[in-house]
Structures are given as C-alpha cells and as structure tokens.
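What follows is the residue order along each chain.
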Amino acid sequence: MGKPIVVFGSFVVDLTGWTEDLPQPGQTILGKNFKMGAGGKGSNQAVAAYRAGADVTLVTKLGCDMLADVGMHFYEQEGMNTEFILRDKKFETGVALIIVSQKSAQNEIAVIPGACGHITVEDVESCRKLIETASIILLQHEINLDAQRMIIDIAHRAGVRIVLNPAPAVKVPDDILSKIDTVTPNETEAQTLTGIEVISYETAEKAAGFFLNKGVKNVVITMGKMGVFATDGRKSELLPGIEVEAVDTTGAGDAFNGGLVTAFSEGKSLFEAIRFGNAVGALAVTKAGTAPAMPYRSEIEKMIGEILK
Ligand code: RIB
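Here the residue numbers are simple positions, counted from 1 along each chain's written sequence. Restriction of local features to residues with pLDDT of at least 70 applies here, the model being predicted, together with a cutoff of 80 or more for giving and counting side-chain atom pairs; totals for whole chains, interfaces and linings are based on all residues. Side-chain calculation: all heavy atoms of the structure are included, whereas hydrogens and water are not.

1. Considering the site of the ligand
Thinking step 1. Neighbouring the ligand are Val12, Asp14, Gly39, Gly40, Lys41, Asn44, Ala96, Val111, Glu142, Gly251, Asp254 and Thr290.
Thinking step 2. Throughout this description, a polar contact denotes any pair of N or O atoms lying within 3.5 Å of each other; where both atoms belong to protein, one of them has to be capable of donating a hydrogen while the other can accept it, and for residues adjacent in sequence the pair is counted only when both atoms sit in side chains. Residue glycine 40 places a main-chain N or O atom 2.9 Å away from an oxygen atom belonging to the ligand.
Thinking step 3. Here an oxygen atom of the ligand and a side-chain polar atom of aspartate 254 are 2.7 Å apart.
Thinking step 4. Starting from 280 Å² of accessible surface for the ligand in isolation, the protein chains cover 96%. Near residues are defined by distance, with any heavy atom within 4 Å of the molecule or strand qualifying the residue. Each accessible area is a Shrake-Rupley estimate made with a 1.4 Å probe; only the visible protein chains count as cover when residues are assessed.

Shown next as structure tokens:
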C-alpha cells in the first residue's frame, strides 16, 4: 500500500436516468431506466483510489436525511473509513441530476452540492491533523471555495502534495494555483481556466504553459478520445487513451484522478501514474453508474498487463 491520501470533496446522491438521446432544452423525452446511487466527484475519486488499493481517507459532508444513508450504506459495504464523514443539521445531502444517452454513452449533469457547499472553518479544523499528515491531498470544485482555500493553505504549509481536479470548471486565483503540485482539467475545464481552446497537442501545450507559469509543477489535461496531455515542465507527452466499449462515461474523470493519485502514492512517475489512471478510467466507463463502476486493483493490473503484452 502507498502513502496516505486524503480526498476532501463532495458526496452527492446520483439520480441517473438513461434515455436514447439527450433531451434538447425545453424538450421532454421518455427515459428507459433509473438508478439512485453514491456519487459526487470527491466521493467517486476516493472510491476509485480505495478500490485501486490506496490508503485513502475521504472527507465529505452529508445532511441528516434519508439521502445521507445512501452514502453511509455504500461506504460501510465497501469497508471504507467513515471517521471523517461530516454531518450538517441544517443543509441536506447534495444530489446530482444525471441523464445518460444510451446511444453515445455521453451525459448531462446538474449538481446541487447541498451540505458539501457548507463546509465550515470548524469542519476543516477538525480535519487539520489528517490533512497535515497526508502525503497527497486531492481536491475538486464541488465544495465551497472558502473551505477549499483553507484546506489548500493547511496542506501547502505542511508540505503535502496537492492535486487539483478543477471540475466543475471555476476560474482559480493565481495564489491558489501557485500551491498546486498537479492540476488535472479536461479540455473544456482547461479552456475555462486558461482562455485557450484545447483541441490539439499544440493547444494543450499552450494551456499547460499557462499553468506552469503560475507555479503548477505538473499539468495533466484529459482530452477524451485524443488521450491525455501531460507535462512536468521538462518533458511533454500525449499519452493515448485505452479503447473500450463505453456504456456510461459519467465518472470517467473521477476514476482517472483516483487512479492517478493511487499511483503517485506508490511512488510512480507522472507518466507512469497517467498510464495507471487511464486504465482505471477505461474500466470505469464499461459499467453503468459512477462509484459502483470503479474497478478493483486486480482488474486494473489485468488491463495494464494486457496492454504491455
Ligand atoms: O464526475 C461525475 C460526478 O459528477 C457524478 O457522480 C455527479 O455526482 C457529479 O458530481
């Protein structure tokens, strides 16, 4: 097992409906299936890391309602540590409204973070020691930004490696970027953060230059079918994605990020860690759902073994 990872992020209940095509604005269409399950970028990434074999602790916040039971039940079934699952008496557990097209496996998502949008100074203080003793902290943008800033400051002061998956896309202030070790946007998030349209190796390299200039050490831009662009400022590479039959692409980025930090925690290099993350992401899209679709270590190793053959 690698060094300890903390994922500080959202849990929300995913309410997912499967339809033939995605609806147009103002259009009502008939769906085929519906499922309710554990979701939220933070939670999904922690589950991906946990199933990939990492020593990971999730910090998130639930309400005190029926939807919170969905999360608690899932973590207990998985055997995950629930010590840092915070509760809010006032705000409800968040939800995500998701539609997945059965034709394209693409999705549309609206997230309502609920309790995760109300992480207080006291909440963060209650996790200070956990953050300070971590080797890596993984963050996203589904918790309130003032809490995120406080977490980053604590981690940075303690010399913890900070990985930021800037999803959903929100502009990140320069003083925050300067504390980030690795940033992992997809191509549209990279565009929102840098103003550069990422459509090729050259444009990805340009967008990466924006982050490097702000002090970020590693830039990893996931570019869908094109693969993953990565640079550590000395070496840049576009690593190919792994072709699989996709059933549901929801949570693919979460799977990738969970895999990436797992590999980092085991001492793998940036480019090795991306290969590992790619396998986790590829396996996750072959199943429906988000957290429940995350692959186990044995499946990941099998896929990597087959690629290396
Ligand atoms: O990245 C996928 C996740 O984004 C879903 O699980 C949904 O909860 C949203 O937060």
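2. A look at helix H2 (residues 66–78)
Thinking step 1. By the criteria applied, helices consist of DSSP H or I runs no shorter than four residues and strands consist of E runs no shorter than two, each listed in order from the N terminus. The span one expects for a helix is its residue count, reduced by one, times 1.5 Å. In this model, H2 (13 residues) spans 19 Å end to end at C-alpha, consistent with the 18 Å of a helix rising 1.5 Å per residue.
Thinking step 2. Here H2 has its buried residues at Ala68, Val70, Gly71, Met72, Phe74, Tyr75 and Glu78.
Thinking step 3. By the convention used here, residues are in contact when the closest approach between their heavy atoms is within 4.5 Å. Residues of H2 that are buried make contact with strand S2 (12–19), strand S3 (33–39), helix H1 (41–51), strand S4 (56–62), strand S5 (85–87) and strand S6 (93–101).
Thinking step 4. Among the residues trailing H2, glycine 79 stands out with phi positive, at a value near 85°. Summary of the burial criterion: residues with accessible area below 20% of their type's maximum are buried, those above 50% are exposed, and those between are partly exposed, where the area comes from a 1.4 Å probe applied to protein chains only.

3. Describing the packing of aromatic side chains
Thinking step 1. Only Phe, Tyr and Trp rings are paired, with Trp represented by its six-membered ring, and only when their centres lie within 6.5 Å; those with planes under 30 degrees apart are stacked, over 60 edge-to-face, the remainder tilted. Going through the model one piece at a time under the given rule, you end up with four aromatic pairs.
Thinking step 2. Seen in terms of ring centroids, phenylalanine 11 and tyrosine 75 are 6.1 Å apart; in terms of plane orientation they differ by 70°. Their pairing is edge-to-face. With phenylalanine 11 in the loop between strand S1 (5–8) and S2 and tyrosine 75 in helix H2, the pair connects residues that are 64 residues apart, well separated along the chain.
Thinking step 3. According to the relative accessible area criterion, phenylalanine 11 is buried, its value standing at 0%.
Thinking step 4. Ring geometry for phenylalanine 210 versus phenylalanine 211: centroids 5.5 Å apart, planes at 90°, classification edge-to-face.
Thinking step 5. You can call phenylalanine 210 partly exposed: its relative accessible area is 23%.
Thinking step 6. A cation over an aromatic ring shows up here: arginine 161 above the ring of phenylalanine 264, its NZ or CZ 3.8 Å from the ring centre. Counted as over-ring charges are cases with an Arg CZ or a Lys NZ within 6 Å of the ring centre that also lie within 35 degrees of the ring normal.

4. Side note on the pattern of salt bridges
Thinking step 1. When a carboxyl oxygen of Asp or Glu lies within 4 Å of a side-chain nitrogen of Lys or Arg, that pair is called a salt bridge. Per the counting criterion, the structure on display carries 18 salt bridges.
Thinking step 2. When the shortest N-O distance is used, the salt bridge between lysine 179 and aspartate 153 registers 2.8 Å. With a gap of 26 residues between them, lysine 179 in the loop between helix H6 (174–177) and strand S10 (182–183) and aspartate 153 in helix H5 (residues 145–157) connect regions that are remote in the sequence.
Thinking step 3. Put simply, arginine 234 and aspartate 232 hold a salt bridge, and the shortest N to O gap is 3.4 Å.
Thinking step 4. Note on arginine 234: relative accessible area 73%, which makes it exposed.
Thinking step 5. One network of salt bridges, in which partners are shared, links Glu266, Lys268, Arg297 and Glu301.

5. Looking at the pairing of strand S12 (residues 228–231)
Thinking step 1. By the alternation rule, side chains of S12 split into Val228 and Ala230 and Phe229 and Thr231, which are all buried.
Thinking step 2. Two strands pair under a simple rule: DSSP has to find at least two bridges between them. Where strand S11 (residues 218–222) and S12 come together, four bridges link them in antiparallel fashion. When the sheet's bridge partners are listed, valine 219 is paired in S12 with threonine 231.
Thinking step 3. Where S11 folds back on S12, the antiparallel hairpin that results is connected by five residues, among which glycine 224 adopts a positive phi of roughly 60°.
Thinking step 4. Direction of pairing for S12 relative to strand S13 (residues 236–239): antiparallel, over a ladder of four bridges. Opposite valine 228, over in S13, you have leucine 239 as the bridge partner.
Thinking step 5. Counting the residues in the hairpin turn of S12 and S13 gives four residues, including glycine 233, whose phi is positive at 90°.

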